[in-house]
Amino acid sequence: MARAVPDRDTACAIAQAAAVIGDWWSLLIVRETARGRHRFDELQSELGISRKVLTERLAHLVDSHVLDKVPYQQGPVRYEYRLSAAGSALLPVLVSMQDWADRWVLGDGALTATADEDAAETLRVHTLPGTRLPRLTLPAHTGGELDPVDPDAAATVVFCYPATGRPSPLPEGWNDIPGTVGCTLENRLFRDAHDTFTAAGVAVRGVSTQRPDEQRAFAAAEEIPFPLLSDTDTRLTAALRLPTFRAGQMLRLKRLVLVVDRERTVRHVQFPVTDIPSAVTTALALGRALAEDTA
């Protein structure tokens, strides 16, 4: 359970944070609630944790205001556990831990915006088909927030990309990082094929960790007809454990493409993406086939 902070560290925010969230199980519980698992039995099944330990950790996280305990059933009353504002603020920390481990523990330390076919992050991403995306919204370049999954479309293609060079300049050495080049091209290819996607009943969403105002300026200059969503708070990244890399002091999404059905289930994944035109063509074919199957 949580350790008491020694007197010498009472003013140390790192020590105080470790007392709240430094436990192995507590971190994994936050990870799973971000992924949409909110009920006791779901958490126990996914984590393989004893009921006693899970009960203790949930109580600690609720008492620490990381989780909110919310009733979802009356007679008898049953509860689910959802991230509070403080808990949601931990998501960039978890994603940073994931990013660090992908590079330095599971990888060879190289800075890259892509991945090998047998890399741990590739294997993790390719377990996504069958995963249901939890309910969430992201800031959109069009204003307000939007669901990454279009509720009116038979299928939604979500393409994640590192960053565009307009309006803000890209970090020094950007083009030397494998996999970074091609974000503007990718957006243009989806733009040029947008009418075809729409005719097939397939919505398109672009996602990066750039700010909405940056995405807005880029969308205006390039006449992007579909929403660009900003995952600056890493809500989508944490929900799906998407691969990232750090450049210009920011976490950036690695390039990948998801095809999601109207029930929010991921049906297809393309990662790594090494041939951008082929990835757009494949996304259209997969989205169209999914739309036809559900018609």
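Data block above holds the structure.
What you see is a predicted model; the values in this text were computed from it and never measured.

Rules of the game
Residues numbered from 1 in each chain as written. Predicted model: local features only at pLDDT ≥ 70, side-chain atom pairs only at ≥ 80, totals over all residues. Heavy atoms only, no water. 1 Å grid on protein atoms, 1.4 Å probe; cavity = no way out; pocket = protein on both sides within 12 Å on 5 of 7 lines; lining within 4 Å. Points joined across faces, edges and corners; volume = space filled by probe spheres on them. Helix = DSSP H or I, 4+ residues; strand = E, 2+ residues; numbered from the N terminus. Nonpolar A, V, L, I, M, F, W, Y, C, P; charged D, E, K, R; others polar. Expected span 1.5 Å × (residues − 1). Buried < 20%, exposed > 50% of the residue type's maximum accessible area, 1.4 Å probe, protein only. Arc of directions from axis to C-beta. Contact = heavy atoms within 4.5 Å. Polar contact = N/O pair within 3.5 Å; in protein donor to acceptor, adjacent residues only side chain to side chain. Pairing = 2+ DSSP bridges. Axes fitted to C-alpha atoms, helices over the stretch in contact; angles between N-to-C directions.

Draft legend 1. Seen up close, empty space enclosed by the protein. Per the counting criterion, the structure on display carries 1 cavity of 30 Å³ or more. Approximately 30 Å³ is the volume attributed to the largest cavity. Forming the walls of the largest cavity are Leu133, Pro148, Val158, Leu236, Leu240, Leu258, Val260 and Val266. Elements with a minimum of two residues in the lining of the largest cavity: helix H11 (235-240) and strand S10 (256-261). Classifying every residue of the lining of the largest cavity by side-chain character gives 8 nonpolar, no polar and no charged.

Draft legend 2. Seen up close, helix H12 (residues 276-293). Over its 18 residues, H12 runs 26 Å from end to end, which matches the ideal 26 Å to within 8%, given 1.5 Å per residue. What H12 keeps buried is the set Ile276, Ala279, Val280, Ala283, Leu284, Gly287, Leu290 and Ala291. With its buried residues spanning 140° around the axis, H12 presents them on a single face. In H12, the exposed positions that point more than 90 degrees away from the buried face belong to Thr281, Glu292 and Asp293. Looking at the buried positions of H12, the neighbouring elements they touch are strand S5 (155-160), helix H8 (183-192), helix H9 (194-199), strand S6 (202-208), S10 and strand S11 (266-270). Two to three positions downstream of the cap, the backbone nitrogen of Ser278 sits 3.1 Å from a side-chain oxygen, assigning the N-cap of H12 to Asp275.

Draft legend 3. The sheet that holds strand S7 (residues 228-230), seen in detail. Within the open sheet, the 5 strands sit side by side as S7-S6-S5-S10-S11. Their pairing is mixed. Looking at strand neighbours, the two that pair on one side only are S7 and S11, the edges of this open sheet. On average, each strand axis in the sheet is inclined to that of its neighbour by 25°, with strand direction left out of account. Of the strand pairs in this sheet, S6 and S7 are connected by 3 bridges, and their pairing is parallel. Opposite Gly206, over in S7, you have Leu228 as the bridge partner. Across the sheet, helix H10 (residues 212-222) lies against S6 and S7, angled at about 165° from S7, the strand it touches most. With respect to the sheet, H12 is in contact with S5, S6, S10 and S11, its orientation differing from that of S10 by roughly 10°.

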